[in-house]
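Topology and contacts: notes
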Amino acid sequence: MTALLNAGMPVASSCFGDGVCGKCRLQIIKGLENLSAVNETEQFLRDRYGLAANERISCQTQVQGDITIDATYW
Ligand code: FES
């Protein structure tokens, strides 16, 4: 989420990255293997909102390599 905001990309949020709202979810088109492991907070949100396997909660995810992403609101 921070990397996107620093690049000038909009990221939906109502909790400002506290891992509560789930609105910052993104679809990973390529590079899922280049993201950090799912942490406890993200797993809670994944279960709560029924995220697909290729979706991640961006405020809880660290980018470790090249990825291609999309969001429903872009
Ligand atoms: S910004 Fe709210 S969960 Fe990520």
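The preceding data block contains the structure.
Description of the structure in this document. Remember, it's a predicted structure, so these values are computed and weren't measured experimentally.

Conventions adopted
- Residues numbered from 1 in each chain as written.
- Predicted model: local features only at pLDDT ≥ 70, side-chain atom pairs only at ≥ 80, totals over all residues.
- Heavy atoms only, no water.
- Pairing = 2+ DSSP bridges.
- Helix = DSSP H or I, 4+ residues; strand = E, 2+ residues; numbered from the N terminus.
- Axes fitted to C-alpha atoms, helices over the stretch in contact; angles between N-to-C directions.
- Contact = heavy atoms within 4.5 Å.

Brief notes about the pairing of strand β1 (residues 25–30)
- For β1 and strand β2 (residues 55–57), the ladder comprises 3 bridges, and the chain directions are antiparallel. Paired with Gln 27 across the strands is Glu 55, a residue of β2.
- Inspection of the sheet shows β1 paired to strand β3 (residues 68–70) by 3 bridges, in the antiparallel sense. What sits directly across from Lys 30, in β3, is Thr 68.

Details of unusual backbone geometry
- Of note, Phe 16 is a non-glycine position whose phi angle comes to about 60°, a positive value.
- One can find Phe 16 in the loop between α1 (2–6) and β1.

So, the sheet that holds β3
- In spatial order, the strands read β2-β1-β3; together these 3 strands make up an open sheet with antiparallel pairing. Strand pairing shows two members of the sheet lacking a second neighbour, β2 and β3, which therefore form its edges. Taken pair by pair, the neighbouring strands of this sheet meet at an average axis angle of 40°, ignoring direction.
- Across the sheet, helix α2 (residues 40–49) lies against β1 and β2, angled at about 130° from β2, the strand it touches most.

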